[in-house]
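# Per-entry structural report
Each chain, written out:
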Amino acid sequence: MASKSETGPSPAQGVGPLYRPDGEKPTATVSKEVSYENVHVLPQTPQLIALLTMIRDKRTSRADFIFYSNRIIRLLVEEGLNHLPVVEQSITTPVGRSYLGVKFEGKICGVSIMRAGEAMEQGLRDCCRSVRIGKILIQRDEETCMPKLFYDKLPTDIADRWVLLLDPMFATGGSATLAVETLIERGVPEHRILFLNLIASPSGVAEFAEKFPKLRVVTSFIDQGLDEKKYIIPGLGDFGDRYYSM
Amino acid sequence: MESIPPLYSLSTEVRYAPPWQDLSIIGIAGSSGSGKSSVAMEIVKSLDLPWVVILVMDSFYKTLTSEQHHKAHANEYDFDCPESIDFDVLVETLRDLKKGKKANIPIYSFSEHQRQPDTTTLYSPHVIILEGILALHDPRIVEMLDVKIFVEADMDVCLGRRVLRDVRERGRDIEGIIKQWFDFVKPSYTRFVEPQRPISDIIIPRGIENKTAIDMVVKHIQRKLQEKSDNHTEALRNLGLIAAEGKLPPNVHVLPSTPQFIGMNTILQNPETEQEDYIFYFDRLVSILIEKALDMTSYVSANVETPQGNTYLGLHPKGTVSAVVILRGGSCMETALKRSIPDCITGRVLIQTNESNDEPELHYLKLPSQIEEHATVILMDSQMSSGGAALMAVRVLIDHGVEQGSIVFVTCTAGERGLKRLTAVYPKINVIVGRIEEEGEPRWIEKRYFGC
């Protein structure tokens, strides 16, 4: 099923606020849709598309790339945090009125898949100031060509926390799968893992969603597919290179 | 031949008239040296109010040709006859101001005898005092005047004052001054200035020394201003009644009540929240509002190439996005604004609500140049209750040429009645609201954010 959508073109449509008539919405390529309940794609607003356009453009300077990707990451984090539990809380406001609100419940931590995932830490900190952040290094094993866990440093009480797993590019999902398996091994229940991602491939995200049905994926865009080298197309190049060194 | 498209009836337009749309103009005429400007200054001083402006007719002298320029230097040019004044431009300026629009006042150079390329902008005065020897000369102007004053003084006193002033302030020689007086000033007085006397409402003999007359004028203006203020407050109240019914229109976008959003709102409204946390959560919440506001701006399709050489059909923002902060509340939101647009062009307006009658008053205004060409102007205020300040701020933008549809008003919390009132008057603006608050909530967010 996944392979069918693999080569198909991405949908293009008028993008703009609902109240605006269709003729006044400029056309742009939007995210592919997937029908998995645990995959959440950010609303394809013109603003988000414009931000993605900036970071996909090879002419965008590194400073701008960092700035615009941080803005998308903040949107992802804000959406991701909405999946965390809250409890009712009633307060009296400064003007003496009562307000029935909510209180954030449960401890969280971030886990970044090195190195590109670390680029998402700034955006996470912008929304959660003192969040703990663990790291996982996964690289391709030269002999087996399979992803291999090289290093990890995670909070000791990670089993009691909600985990925001960070990786901007999701192609085949090899590293992400291994990272999730590592977390589960450390005692994190699958349903307490939120995977935050900028751009995903349709096949990768489908397999991942089926393999971990209780985990939640929050992504800003599901791209057209993968090329023969397993790079996301159209993609944005190597995220880590563009963020750290290019 | 084509069929006639369906015709819609025009909706009843709901209007908001700011106080400056109901401008009072006071004309002060009189001979040169009679003490017109001293009387004008004394009136301003006694009124002791903002937005009272003295407009001197000298600014509207016509530019001289080189021949006339020569004459002027030889004291042979008549500056005292009506032909020397550009009455058409003056009438147009006053008409614009009367309509509440902004006007550009020419700057006239006395040394070069010509209009300078620069102009001074005049906007939103409540009272203009038009002062000049021929202030009551043109019937088109007389028609617009609320009070017509003629200042009178003995001609000997006038000449004496003129000699002293021109020698001291304009560095001219006595012979030239006397020549001009007898060639032009005096004949012009009889021909043009004196005939204005009978059409004036008040004649002030002995100028500045005449306290009783000046006091009368001041009282009259004060009464007028009070009426104006009452009308404005009353109009705002009526707008509220009109807008009380019905649902919020689709151009009011209230942010969805996600758990995080409610959670942040809970922290922000909890008096026990530490100042440091308050600022952090406030900035975070406003960042979301700003990102939402940017959805309302214009975009165009654009093909870009990725580093691997693939093309992506995306969007690029179109035109400049600028912001206008309603002080003080709106300035809480600047940190978050700069997170999304670090170099955002930002203007400021200070609107304060008069506590005695709830009337919003415009105190200060500094808008970016060419604001009318910006694709989107984000207007920010942290809180909106009755909507008086927002109505006034939107009106200020429109008076400066900004299209209604380009304005996005962003506020953290607003009362429903205020929102309806604002959108009833300006149906094309977009409004982004964080949370709907109860009616009549006093302003407290800015105090909390700034800690004072």
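Quick caveat: nothing in here was measured; it's all calculated off a predicted structure.

### Here we look at the overall build of chain A
When you go through chain A residue by residue, the secondary structure sums to seven helices and 14 strands. Taking 246 residues into account, the globule formula puts the C-alpha radius of gyration at 18 Å, and chain A, at 19 Å, falls close to it. Summarising its shape, the C-alpha atoms of chain A cover approximately 60 × 55 × 40 Å along the three principal directions.

### As for the sheet that holds strand β12 (residues 345-354) of chain B
Residues and elements named next belong to chain B. Ordered by their spatial adjacency, seven strands build an open sheet running β8-β16-β15-β14-β11-β12-β13, and the pairing between neighbours is mixed. Where the open sheet ends on each side, the last strands, each with one partner, are β8 (252-254) and β13 (359-366). Looking at each pair of strands side by side, their axes are set apart by 25° on average, direction ignored. The sheet contact formed by strand β11 (residues 321-327) and strand β14 (residues 376-384) spans five bridges and is parallel. What sits directly across from V321, in β14, is T376.

### Some points on helix α3 (residues 87-98) of chain B
All names here are of chain B. For α3, built from 12 residues, the straight-helix expectation of 16 Å at 1.5 Å per residue is met to within 8% by its first-to-last C-alpha distance of 16 Å. For α3, every residue scored as buried is listed here: L90, T93, L94 and L97. The arc that holds the buried residues of α3, viewed along the axis, is 95°, so those residues lie on one side. Contacts from the buried residues of α3 go to β1 (24-30), β3 (103-109), β4 (114-122), β5 (127-131) and α4 (139-142). Immediately downstream of α3, the backbone of G100 shows phi near 90°, a positive value.

### Digging into the interface of chain B and chain A
Listed by partner, the interface residues are 43 residues for chain B and 44 residues for chain A. At the level of elements, α8 (259-269), α9 (275-294), β9 (299-305) and β10 (311-317) of chain B are the ones that each hand at least two residues to the side of chain B that touches chain A. Taken together, the residues of the side of chain B that touches chain A break down into 19 nonpolar, 17 polar and seven charged.

### A short note on the domain arrangement of chain B
Residue and element names in this part refer to chain B. When cut into domains, chain B gives domain 1 (19-231) and domain 2 (246-450). If you average the C-alpha positions of domain 1 and of domain 2, the two centres end up 43 Å apart. Tallying the contact residues gives seven residues for domain 1 and seven residues for domain 2. Residue classes in the side of domain 1 that touches domain 2 are distributed as two nonpolar, three polar and two charged.

### Topic: the nonpolar core
In this structure, V163, L165, I193, L194, L196 and V205 of chain A are the most contacted members of the largest nonpolar core, which totals 67 residues. Dropping the residues within four chain positions of it, V205 of chain A is found in contact with V34, V39, F170, A200, V217, T219 and I222 of chain A. Judged by nonpolar contacts, the second largest core, of 60 residues, contains A323, I326, F409 and A414 of chain B.

### Side note on the environment of V15 of chain A
Secondary-structure assignment places V15 of chain A in the loop between β1 (12-14) and β2 (27-29). Sequence spacing of V15 of chain A and R59 of chain A is 44 residues, and the spatial spacing of their C-alpha atoms is 23 Å. Leaving out residues up to four positions away in the same chain, V15 of chain A has contacts with K25, P26, A28, V30, Q44, P46 and I49 of chain A together with L315 of chain B.

### Concerning helix α6 (residues 202-211) of chain A
Helical periodicity: at 3.6 residues per turn, an α-helix aligns residues three or four positions apart in one direction. Most of α6 of chain A sits inside the fold, with seven of its 10 residues counted as buried. Along α6 of chain A, the positions that sit buried rather than exposed are P202, S203, G204, V205, A206, F208 and A209 of chain A.

### With respect to the sheet that holds strand β2 (residues 52-56) of chain B
Residues and elements named next belong to chain B. Reading across the sheet, the five strands line up as β2-β5-β1-β6-β7 and stay open at both edges, with parallel pairing between neighbours. Edge positions in the sheet fall to β2 and β7 (202-205), since each of these pairs with one other strand and no more. Here the strands of the sheet are splayed against their neighbours by 20° on average, with no regard to which way each runs. Examined bridge by bridge, β1 and β5 share five bridges and lie parallel to one another.

### Description of the pairing of strand β7 (residues 132-140) of chain A
Within a regular strand, the side chains alternate between the two sheet faces. Residues and elements named next belong to chain A. When strand β6 (residues 108-114) meets β7, the two strands line up parallel, connected through six bridges. Paired with S112 across the bridge in β7 is K135. Pairing between β7 and strand β8 (residues 147-153): six bridges, direction antiparallel. Within the sheet, the bridge partner assigned to R140 lies in β8 and is P147.

### Overview of the packing of helix α2 (residues 46-56) of chain A against helix α3 (residues 62-81) of chain A
Residue and element names in this part refer to chain A. For the pair α2 and α3, the least separation of the axes is 9 Å and the interaxial angle reads 145°. Note on packing geometry: the crossing formed by α2 with α3 is left-handed. Of the residues in α3, those in contact with L48, L51, L52, M54 and I55 of α2 are D64, F65, Y68, S69, R71, I72 and L75. For the contact of α2 with α3, the per-class residue count stands at nine nonpolar, one polar and two charged.

### Points about the pairing of β4 of chain B
Residues and elements named next belong to chain B. β4 sits mainly on the outside: zero of its nine residues count as buried. Alignment of β3 against β4, held across six bridges, turns out to be antiparallel. Bridge assignment links P106 to a residue of β4, and that residue is T119. Between β3 and β4, which pair antiparallel and follow one another directly, the connecting turn spans four residues, one of which, H113, has a positive phi of 55°.

### Details of the confidence of the model for chain B
All names here are of chain B. Taken as a whole, chain B shows an average pLDDT of 86; of its residues, 95% reach a score of 70 or greater. Every residue in residues 8-12 is under pLDDT 50, and counting partners more than four places away or in other chains gives zero contacts. Here the predicted complex carries an ipTM of 0.82, next to a pTM of 0.78.

Here is what the cut-offs are and how they apply
Residues numbered from 1 in each chain as written. Chains lettered and ligands numbered in written order. Predicted model: local features only at pLDDT ≥ 70, side-chain atom pairs only at ≥ 80, totals over all residues. Helix = DSSP H or I, 4+ residues; strand = E, 2+ residues; numbered from the N terminus. Rg over C-alpha atoms; globule rule 2.2 N^0.38 Å. Pairing = 2+ DSSP bridges. Axes fitted to C-alpha atoms, helices over the stretch in contact; angles between N-to-C directions. Expected span 1.5 Å × (residues − 1). Buried ≥ 20, exposed ≤ 12 C-beta atoms within 10 Å, placed from the backbone. Arc of directions from axis to C-beta. Contact = placed C-beta atoms within 7 Å. Nonpolar A, V, L, I, M, F, W, Y, C, P; charged D, E, K, R; others polar. Domains from an automatic or database assignment. Core = buried A, V, L, I, M, F, W, Y, C linked by C-beta atoms within 7 Å. Left-handed = near helix turned anticlockwise from the far one by under 90°. pLDDT = per-residue confidence, 0-100.

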